[in-house]
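Residue-level listing of the chains:
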Amino acid sequence: MSELLVQSQTGRTLLGMYRLLLDHFGTQSWWPWETTLEIMIGAVLTQNTNWANVEKAIHNLKEHGLLSVEALNALSPDELAKEIRPAGYFNVKAKRLKNLIRFLFERYEGSLTELAGEETGNLREQLLAVNGIGPETADSILLYSLGRPVFVVDAYTHRILLRHGMADEQVDYHALQGMFMDNLPEDVRLFNEFHALIVRTGKEYCKKKPLCSDCPLVHWDQPPILPEY
DNA sequence: CACCAGGCAAGTA
DNA sequence: TACTTGCATGGT
């Protein structure tokens, strides 16, 4: 792979960042779910929520045999809310999941195979039109559930680039996503692993209050740029 | 006890 | 358009 520059002035590259993270943490292999549907559900449940809580909610659905589009379609929002309680925001998320399932039936006859036949750009727009599915959830579904080469941006992505002076406070989702997608090879496995590594370092090092210490990215900047370092 | 977690939409001015 | 607020459980 060639060295792809993001900011030629400093020589920092996103692949350089990826290598530092990979060397530090090793591969994350972030496909913890078994089915396409499970990943889609997980993408909604994990909105602003710790993953451990999402696993409990998914476990409940599995235990009660509700992890199918037919079962979820038949379930009332209140019944669904009881199942996903541990994931937090359960009333809102129950509605959002029902919206997603309804979309699946209205547009694709409830078939994930039919859904998977749709072109990525069209699919992204359709997902975004579902109430409760924003850019990150849509992209998580596209990348992790449907294996499309779409880079997922999250709060950590923004925070890390902010700390390194590579983005400002106001930059929007699309612009951040473009930084990665315009400067990296279009590779599902890379996008998957890179995003997972960003979340990992965000959790362990790039927190809100305590400033990063011994962050794997300390040497990413040629000279450290911000006073935080 | 306080703070946070792999957001999003609706409400307000 | 640009902020602010509600949503809620469970771990540290």
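Below is a summary of the structure that appears in this document. Owing to the predicted nature of the structure, the values given are computational and were not obtained by experimental measurement.

1. Digging into the protein's contact with DNA strand B
Thinking step 1. Neighbouring DNA strand B are 25 residues, the closest being Q47, N48, G134, E136 and T137.
Thinking step 2. Elements with a minimum of two residues in the surface near DNA strand B: helix 9 (135-145) and helix 12 (188-204).
Thinking step 3. Tallying contributions element by element places helix 9 first for the surface near DNA strand B, with five residues.

2. What to know about the protein's contact with DNA strand C
Thinking step 1. For DNA strand C, the full set of nearby residues is N48, T49, N50, A52, N53, R85, P86, G88, Y89, F90, N91 and V92.
Thinking step 2. Breaking the surface near DNA strand C down by element, the ones donating at least two residues are helix 3 (51-63) and helix 6 (90-108).
Thinking step 3. In terms of residue count, helix 6 provides more of the surface near DNA strand C than any other element does, three residues in total.
Thinking step 4. The class makeup of the residues in the surface near DNA strand C is five nonpolar, six polar and one charged.

3. Observations concerning helix 2 (residues 36-45)
Thinking step 1. Across the 10 residues of helix 2, seven count as buried, placing the element largely inside the fold.
Thinking step 2. Considered for burial, the residues of helix 2 that qualify are I39, M40, I41, G42, A43, V44 and L45.
Thinking step 3. On its buried face, helix 2 is in contact with helix 3, helix 6 and helix 9.

4. Re the environment of L161
Thinking step 1. Position of L161 relative to the elements: it lies in helix 10 (residues 155-163).
Thinking step 2. Considering only alpha carbons, one finds L161 and L97, 64 residues apart in sequence, at a separation of 31 Å.
Thinking step 3. Contact partners of L161, with chain neighbours within four places excluded, come to M166, A167 and L176.

5. A look at unusual backbone geometry
Trans peptide bonds make up most of the peptide bonds, and negative phi angles are found at most residues other than glycine.
Thinking step 1. Residues other than glycine seldom take positive phi values, yet Y89 does so here, at roughly 45°.
Thinking step 2. In this fold, Y89 is placed in the loop between helix 5 (77-83) and helix 6.
Thinking step 3. By C-beta crowding, Y89 is classed as partly exposed, having 14 other C-beta atoms within 10 Å.
Thinking step 4. Positioned with a positive phi, E109 is a non-glycine residue whose angle comes to about 55°.
Thinking step 5. On the secondary structure map, E109 appears in the loop between helix 6 and helix 7 (112-116).
Thinking step 6. Note on E109: 11 C-beta atoms within 10 Å, which makes it exposed.

6. Brief notes about the packing of helix 2 against helix 9
Thinking step 1. With their axes 9 Å apart at the nearest point, helix 2 and helix 9 run at an angle of 155° to one another. The angle between helix 2 and helix 9 places the two elements in the roughly antiparallel class. In this structure, the crossing between helix 2 and helix 9 has a hand that is right-handed. Residues T36, I39, M40, A43 and V44 of helix 2 form the contact with helix 9, whose participating residues are T137, S140, I141, Y144 and S145.
Thinking step 2. Here the contact of helix 2 with helix 9 is built from residues that sort into six nonpolar, four polar and no charged.

7. Considering the environment of K56
Thinking step 1. With respect to the element layout, K56 can be found in helix 3.
Thinking step 2. Distance in space between the C-alpha atoms of K56 and R163 is 33 Å, their sequence separation being 107 residues.

8. Some words on the environment of H195
Thinking step 1. Considering the arrangement of structural elements, one finds H195 in helix 12.
Thinking step 2. What makes H195 buried here is the crowd of 24 C-beta atoms within 10 Å.
Thinking step 3. Taking the C-alpha atoms as reference points, H195 and T157, separated by 38 residues in sequence, lie 8.1 Å from one another.
Thinking step 4. Among residues more than four places away in sequence, those in contact with H195 are F151 and V152.

9. Things to note about the nonpolar core
Thinking step 1. Counting 50 residues, the largest nonpolar core has L45, A57, L97 and L100 as the members making the most contacts within it.
Thinking step 2. Of all the elements, helix 2 adds the most residues to this core, at six residues.
Thinking step 3. Not counting the four nearest positions on each side in its chain, L45 is found in contact with V54, A57, I84, A87 and K93.

10. Regarding helix 1 (residues 14-25)
Since the α-helix advances by 3.6 residues per turn, residues separated by three or four positions end up pointing in the same direction.
Thinking step 1. Between its first and last C-alpha atoms helix 1 spans 16 Å; for 12 residues at 1.5 Å apiece the expected length is 16 Å, and the two agree.
Thinking step 2. What helix 1 keeps buried is the set L14, M17 and L21. Across the axial projection of helix 1, the buried residues extend over an arc of 55°, all falling on one side. The outward face of helix 1, more than 90 degrees from its buried face, is lined by the exposed residues R19 and D23.
Thinking step 3. Note on helix 1: the residue one or two positions beyond its end, G26, has a positive phi of about 80°.

Cut-off values and rules
- Sequence order as written defines the numbering, with residues in each chain counted from 1.
- By the order in which they are written, chains take letters starting at A while ligands take numbers starting at 1.
- Per-residue local features are limited, in this predicted model, to residues with pLDDT of at least 70; the limit for side-chain atom pairs, both in listing and counting, is 80 or more; totals at the level of whole chains, interfaces and linings are taken over all residues.
- Each residue receives a C-beta atom placed from its backbone. It is near a molecule or strand if this atom lies within 6 Å of it.
- In this text, helices come from DSSP runs of H or I with a minimum length of four residues, and strands from runs of E with a minimum of two, each type numbered from the N-terminal end.
- Gly is put with the polar residues, along with every residue not named as nonpolar or charged; the nonpolar set is Ala, Val, Leu, Ile, Met, Phe, Trp, Tyr, Cys and Pro, and the charged set is Asp, Glu, Lys and Arg.
- Whether a residue is buried, exposed or partly exposed is read from the other C-beta atoms within 10 Å of its own C-beta, which are placed from the backbone; 20 or more gives buried, 12 or fewer gives exposed, and intermediate counts give partly exposed.
- Two residues qualify as a contact pair if the distance between their C-beta atoms, derived from the backbone, is within 7 Å.
- The axes used here are C-alpha line fits, helices contributing only the stretch in contact, and every angle between their N-to-C directions lies in the interval 0 to 180 degrees.
- Throughout this description, any angle smaller than 35 degrees is read as roughly parallel, any larger than 145 degrees as roughly antiparallel, any in the 65 to 115 degree range as roughly perpendicular, and the remainder as oblique.
- Crossings are sorted by hand: turned counterclockwise from the far helix by less than a right angle, the near helix makes the crossing left-handed, and turned clockwise it makes it right-handed.
- Residues of type Ala, Val, Leu, Ile, Met, Phe, Trp, Tyr and Cys that are buried and joined through C-beta atoms within 7 Å form what is called a nonpolar core.
- To estimate the expected span of a helix, count its residues, drop one, and scale the result by 1.5 Å.
- Here the arc refers to the directions that run from the helix axis out to each C-beta atom.

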